[in-house]
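Residue strings, one per chain:
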Amino acid sequence: MNTLRVDVLAYDMPCRQCALPLWWVFALLPSHRPRGDEFTTTDFPEAVEMARRILADPSGDTADMAAQLRPRPAWQQGRGFNPNTCGRCGHQAEWHVLDDVMHDAFHEGCIRAAEGRIPIGEWRAIRGRGQGIFWPFL
Ligand SMILES: [Zn+2]
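Every value quoted in this text rests on a predicted model; they were computed, and no experiment measured them.

1. Section: the overall build of the chain
Consideration 1: Per the secondary structure count, the chain includes four helices and four strands.
Consideration 2: Secondary structure elements of the chain, listed N to C terminal, follow the sequence β-β-β-α-α-α-β-α.
Consideration 3: The C-alpha radius of gyration computed for the chain amounts to 14 Å, which stays within 12% of the reference 14 Å derived for 138 residues, consistent with globular compactness.
Consideration 4: Dimensions of the chain along its principal axes, counting C-alpha atoms only, are 40 × 30 × 30 Å.

See below:
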């Protein structure tokens with residue numbers, strides 16, 4: 001099976017409710033020679049599931065980040081949602097907070113939290129989805 005390496009991008013911002021420092025998972029991107037239009041935001045279920053799978057890989061140290069990604073809460077309406085929850089108070093912010101995270105990550109820089117091998121067909125099914133943002137590489 002053909003696979004490619006996909007990065008999980010994260011940004012450091014405190015919990016809006018209890019101020020605990022959190023790594024907010026906000027996007028997926030191929031590890032090698034990514035194109036801007038492949039930027040895939042983690043605000044829809046398939047992307048959240050892929051990010052969770054990569055972060056939970058036992059060879060890494062990001063299981064905590066995987067555990068903090070949750071499905072869309074029942075009260076959250078609309079097309080996208082924020083999957084990140086606080087490890088201390090459990091707060092799951094609204095989708096527009098994830099937009100703020102992306103904005104700040106673009107200007108301040110972000111980390112590659114983890115990378116994992118994904119079947120190419122799975123990646124093609126979701127790449128560029130979510131917010132549909134073209135990620136301008138710095
Ligand atoms: Zn909190």
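2. Description of the nonpolar core
Consideration 1: Residues Leu28, Ile54, Leu55 and Trp123 are the most contacted members of the largest nonpolar core, which totals 22 residues.
Consideration 2: Looking at this core, the element that brings in the most residues is helix 1 (residues 45–55), giving six residues.

3. Side note on the coordination of the zinc ion
Consideration 1: Distances from the zinc ion to its protein donors, Cys15 (SG), Cys18 (SG), Cys86 (SG) and Cys89 (SG), fall at 2.3 to 2.4 Å.
Consideration 2: Classification of the site at the zinc ion rests on its four donor atoms, whose angles at the metal span 104 to 114°, yielding the label tetrahedral.
Consideration 3: Each donor residue of the zinc ion lies on the same chain, and together they follow the pattern C-x2-C-x67-C-x2-C.

4. Details of the sheet that holds strand 1 (residues 3–14)
Strand pairing in a sheet relies on backbone hydrogen bonds. The paired strands run either parallel or antiparallel.
Consideration 1: In space, the four strands of this open sheet follow the order 3-2-1-4, with antiparallel pairing throughout. For this open sheet the edge positions go to strand 3 (40–41) and strand 4 (111–119), each flanked by a neighbour on one side alone.
Consideration 2: As paired elements, strand 1 and strand 4 share eight bridges and run antiparallel to each other. When the sheet's bridge partners are listed, threonine 3 is paired in strand 4 with proline 119.
Consideration 3: Strand contacts of helix 1: strand 1, strand 2 (21–30), strand 3 and strand 4, with the helix running at about 100° to strand 4, the strand carrying the most contacts.

5. Details of the pairing of strand 2
Consideration 1: With respect to burial, strand 2 is a largely interior element, eight of its 10 residues being buried.
Consideration 2: Two strands pair when backbone bridges link them, and strand 1 and strand 2 are joined in this way by nine bridges, in the antiparallel orientation. Bridge pairing in strand 2 links methionine 13 to leucine 22.
Consideration 3: Where strand 1 folds back on strand 2, the antiparallel hairpin that results is connected by six residues, among which alanine 19 adopts a positive phi of roughly 70°.
Consideration 4: Bridge count for strand 2 against strand 3 is two bridges, and the pairing is antiparallel. By the bridge assignment for strand 3, leucine 28 is matched with threonine 40.

6. Notes on the confidence of the model for the chain
Consideration 1: The predicted model of the chain averages 94 in pLDDT, with 98% of residues at 70 or higher.
Consideration 2: Per-element mean pLDDT across the chain ranges from 93 in helix 3 (residues 95–108) up to 98 in helix 1.

7. Considering the side chain of asparagine 84
Consideration 1: Tracing the backbone shows asparagine 84 in the loop between helix 2 (63–67) and helix 3.
Consideration 2: Classification of asparagine 84 by relative accessible area gives buried; the value is 5%.
Consideration 3: In this structure the side chain of asparagine 84 is engaged in a polar contact, spanning 2.8 Å, whose partner is the backbone nitrogen of valine 25.
Consideration 4: One polar contact links asparagine 84 to asparagine 82, side chain to side chain, over a distance of 3.0 Å.
Consideration 5: Sequence-distant contacts of asparagine 84, defined by excluding residues within four places in its chain, comprise Trp23, Trp24, Val25, Gln68, Leu69, His91, Gln92, Ala93 and Leu98.

8. What about unusual backbone geometry?
Consideration 1: Notably, alanine 19 is not glycine yet its phi reads approximately 70°, a positive angle.
Consideration 2: Here alanine 19 shows up in the loop between strand 1 and strand 2.
Consideration 3: Its identity is not glycine, yet arginine 33 carries a phi of approximately 45°, on the positive side.
Consideration 4: Taking relative accessible area as the criterion, arginine 33 reaches 81% and is therefore assigned exposed.

Calculation notes
- Per chain, the residues get numbers from 1 upward, laid out in the order the sequence is written.
- Totals for whole chains, interfaces and linings use all residues, but because this is a predicted model, local features are given only for residues with pLDDT of at least 70 and pairs of side-chain atoms are given and counted only at 80 or more.
- As a rule here, side-chain values come from all non-hydrogen atoms in the structure, and water together with hydrogens is ignored.
- In this text, helices come from DSSP runs of H or I with a minimum length of four residues, and strands from runs of E with a minimum of two, each type numbered from the N-terminal end.
- The atom set for the radius of gyration is the C-alpha atoms, and the globule formula is 2.2 Å times the number of residues raised to the power 0.38.
- We define a nonpolar core as any set of buried Ala, Val, Leu, Ile, Met, Phe, Trp, Tyr and Cys residues linked to one another through side-chain atoms lying within 4.5 Å.
- Exposure is judged per residue with a 1.4 Å probe applied to protein chains only, and the accessible area is read against the type maximum: over 50% gives exposed, under 20% gives buried, and values in between give partly exposed.
- Because water is not among the atoms used, a metal site may look incomplete, as its donors are only the N, O and S atoms within 2.8 Å, or 3.2 Å for Na, K and Ca.
- Any site counts as irregular unless it has four donors with all angles between 85 and 135 degrees, making it tetrahedral, or four or six donors with opposite ones more than 155 degrees apart and the rest between 65 and 115, making it square planar or octahedral.
- Each pair of strands is called paired provided DSSP finds at least two bridges between the two strands.
- The contact criterion used throughout is that any non-hydrogen atoms of two residues lie within 4.5 Å.
- In this description, a line fitted to the C-alpha atoms serves as the axis of each element, helices being fitted only across the stretch in contact, and the angle between N-to-C directions of two axes falls anywhere from 0 to 180 degrees.
- Think of pLDDT as the predictor's per-residue confidence, scored from 0 to 100.
- Counting of polar contacts relies on pairs of N or O atoms within 3.5 Å, with two restrictions inside protein: one atom must be capable of donating a hydrogen and the other of accepting it, and residues adjacent in sequence are counted only when both atoms are side-chain atoms.

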